[in-house]
Amino acid sequence: MSPPEYLHLASPLGPISRPLLPHPPRDALPSEIPIINLTPLFSDDLPSRQHLASQIRQAATTSGFMYISHHGIPLSLFLTARNASLDWFRSPLEAKLPANTNNSLKNKGVVGYRPRQTQHINPWESVDVRESFSWRYDPAYDPLHSPSDLENIPDEVKRYIDHDNDGFPWSRTPKEFSGPVIELYQAVLKLGRELVRVMALALGLEEDGLDGRFEFPDVGVAVNYYPPIAATKDEGKEKVSIGSHTDFQLFTLLYQDSVGGLQVLDREGQWLNARPVEGTLVVNFGDYMQRITNGKWVSTVHRVVNNSGRERLSMAFFWGFGLHERCGVLDSVLEEGEEKKYDEVGCWEWVQRRIEMMREVKKGLGNITPEKPLSMHSQ
């Protein structure tokens, strides 16, 4: 019998290893990644919203992934942004380099364009086969805030949302690209704020229990362009479009086109294909959500492998509390007598801690901590 294979990756605890089942990826069953209809989200009927909250809680505490349908954002808005993004990524490299992240004065490495062969999210797998364009929250583009609001942002908030004076990176891209992507971003801001209200119910809070933490949220977007992968190995490492990882923050809303390639690792170590479902968004929960729920809502490992023979485009919207906020384990998620596993931590501190952990893993590859299949989400 051949020895078991292991997946190595960075985590909030440092480098860890996960045993993998000796089977190729298979399509996820509806019971594994459910499709949840958000129609009750926009209803005045509280029991309907509470039922929706229970569906979300079930997905969050099992697979950590779900699809959402009937979310209120027209498909045409996604398709327009997708086509505009594809046009931009297909343009010559010299046309994209002005938006290179290294040209940012205040947010180098955080916003802007990253060419191919420059990202390596998991050092035990290949360099990511992708290009990307990233942007972080700017209240100037938030429909919730008027121009007069922007003049009165508290200093403790403003220090975390400081942007380049020239409007980088949008100032370095054509309006044919920036316009549709910003319009979609604004629609996702509206949806996300509605969604966190039903998530609050799912967490045992009042519907408005989280609203204040999302007045100036940490909502970033990554537009990822994945050319097809031609080989399965690169210098002995498995070739991936984006390496195996968990997301840092509370939750992610993902638009993926019809090509496919997203893979989710289940508790037993089986890779599952999260096939595109037209009209839906994928939602997955992140490390910070796992932390504030005392490990109950799971942050699940995932990756992208685009071996379709076609180019793929996705847009990921990463949702977190405002970076000026602090949060510990929510009392509402605890059973009687249950102890809190984690201390309170600031949102900015948490993101920096996760980034530093990724850097340390890449520098030394560290001592790998094995994880048991049934406790893969305990941290």
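Residues numbered from 1 in each chain as written. Predicted model: local features only at pLDDT ≥ 70, side-chain atom pairs only at ≥ 80, totals over all residues. Heavy atoms only, no water.

Colleague: How should the packing of helix H2 (residues 75-89) against helix H6 (residues 175-202) be read in this particular structure?
Modeller: Packed helices, taken two at a time, are described by the angle their axes make and the gap between the axes. In contact at an axis separation of 8 Å, H2 and H6 are set at 145° when each is read in the N-to-C sense. Of the two possible hands of crossing, H2 and H6 adopt the one that is left-handed. Only Glu 176, Phe 177, Pro 180, Val 181, Glu 183, Leu 184 and Ala 187 of H6 make contact with H2, whose side of the interface consists of Leu 77, Phe 78, Thr 80, Ala 81, Ala 84, Ser 85 and Trp 88. A class-by-class count of the residues in the contact of H2 with H6 yields ten nonpolar, two polar and two charged. (Axes fitted to C-alpha atoms, helices over the stretch in contact; angles between N-to-C directions. Helix = DSSP H or I, 4+ residues; strand = E, 2+ residues; numbered from the N terminus. Left-handed = near helix turned anticlockwise from the far one by under 90°. Contact = heavy atoms within 4.5 Å. Nonpolar A, V, L, I, M, F, W, Y, C, P; charged D, E, K, R; others polar.)

Colleague: So what exactly am I meant to see when it comes to H2 here?
Modeller: For an α-helix, 3.6 residues make a turn, and residues three or four places apart therefore share a direction. Between its first and last C-alpha, H2 extends 21 Å over 15 residues, near the 21 Å set by a 1.5 Å rise per residue. By the burial criterion, the buried members of H2 are Leu 77, Phe 78, Ala 81, Arg 82, Ala 84, Ser 85, Leu 86, Trp 88 and Phe 89. (Expected span 1.5 Å × (residues − 1). Buried < 20%, exposed > 50% of the residue type's maximum accessible area, 1.4 Å probe, protein only.)

Colleague: Before we go on, may I ask you to explain the sheet that holds strand S8 (residues 218-226) in this structure?
Modeller: Strand pairing within a sheet occurs via backbone hydrogen bonds; the two strands may be parallel or antiparallel. Ordered by their spatial adjacency, eight strands build an open sheet running S4-S5-S15-S12-S17-S8-S7-S6, and the pairing between neighbours is mixed. Of all the strands in the sheet, the pair left with one neighbour each is strand S4 (35-37) and strand S6 (112-114). Within the sheet, the average angular offset between the axes of one strand and its neighbour, ignoring direction, is 25°. Looking at chain direction, S6 and strand S7 (residues 131-135) are connected through three bridges and run antiparallel. Bridging from a neighbouring strand, Tyr 113 pairs with Phe 133 of S7. (Pairing = 2+ DSSP bridges.)

Colleague: Help me out: how do you make sense of the packing of aromatic side chains in this one?
Modeller: The geometry of an aromatic ring pair is captured by two quantities: the separation of the ring centres and the angle between the planes. One pass over the full model with this rule turns up 20 aromatic pairs. Ring geometry for Phe 78 against Tyr 255: centres 5.1 Å apart, planes inclined by 15°, an arrangement best described as stacked. One end of the pair, Phe 78, is in helix H2; the other, Tyr 255, is in strand S12 (residues 251-256), and 177 residues separate them in sequence. Grouping residues by exposure puts Phe 78 and Tyr 255 together as buried. Relative to Trp 297, the ring of Phe 285 has its centre 5.1 Å away and its plane inclined at 75°; by these criteria the two rings are edge-to-face. Residue Phe 285 is located in strand S15 (residues 281-285), and its partner Trp 297 is located in the loop between helix H7 (287-292) and strand S16 (302-304); the two are separated by twelve residues in the primary sequence. By the burial criterion, Phe 285 is buried, and Trp 297 matches it. Of the aromatic side chains, those joined through ring pairs into one cluster are Trp 88, Phe 89, Tyr 113, Phe 133, Trp 135, Tyr 141, Trp 170, Phe 177, Tyr 185, Tyr 225 and Phe 317. (Phe/Tyr/Trp six-rings, centres within 6.5 Å; stacked < 30°, edge-to-face > 60°.)

Colleague: What is the right way to read the UniProt feature "domain: Fe2OG dioxygenase" (unreviewed entry) in the protein from this model?
Modeller: Sequence positions flagged by UniProt for "domain: Fe2OG dioxygenase" (unreviewed entry) are, in local numbering, residues 215-321. Annotation note: span residues 215-321, helix share 6%, strand share 44%, distance between end C-alpha atoms 9 Å. (UniProt positions renumbered as here; feature names shortened; annotations may be inferred.)

Colleague: Quick question: what am I supposed to make of the environment of Phe 65 here?
Modeller: In this fold, Phe 65 is placed in strand S5 (residues 65-69). Look at Phe 65 and you get buried, because its relative accessible area is 1%. Linking Phe 65 and Val 264, residues 199 residues apart in sequence, is a C-alpha distance of 8.3 Å. The contacts of Phe 65, once residues within four sequence positions are left out, are Glu 32, Ile 33, Pro 34, Ala 59, Leu 262, Val 264, Val 282, Val 283, Asn 284, Thr 300 and His 302.

Colleague: When you look at the pattern of salt bridges in this model, what are you seeing that I'm missing?
Modeller: Side chains that differ in charge, positive against negative, can pair when their charged atoms come close. Taken as a whole, this structure holds 21 salt bridges when the rule is applied. Glu 325 is paired through a salt bridge with Arg 213; the nearest N and O atoms lie 3.6 Å apart. Of this pair, Glu 325 sits in the loop between strand S17 (312-320) and strand S18 (326-327) while Arg 213 sits in the loop between H6 and S8; the two residues are 112 residues apart in sequence, bridging distant segments of the chain. Here Glu 325 falls in the buried class, since its relative accessible area comes to 17%. For Glu 356, the salt bridge is made with Arg 359, and the minimal N-O distance between the two is 3.7 Å. (Salt bridge = Lys/Arg side-chain N within 4 Å of Asp/Glu carboxyl O.)

Colleague: Looking at this structure, how should I read the nonpolar core?
Modeller: Across soluble globular proteins, nonpolar side chains show a tendency to be buried alongside one another. Formed by 76 residues in total, the largest nonpolar core has its most connected members in Leu 195, Leu 253 and Phe 285. Among the elements that make up this core, the one with the highest residue count is H6 (15 residues). Among all residues touching Phe 285, those that are not within four sequence positions of it are Ile 56, Ala 60, Gly 64, Met 66, Met 199, Leu 250, Phe 251, Trp 297, Val 298, Ser 299 and Thr 300. Residues Ala 10, Tyr 67, Ile 242 and Val 264 belong to the second largest nonpolar core, which totals 17 residues. (Core = buried A, V, L, I, M, F, W, Y, C linked by side-chain atoms within 4.5 Å.)

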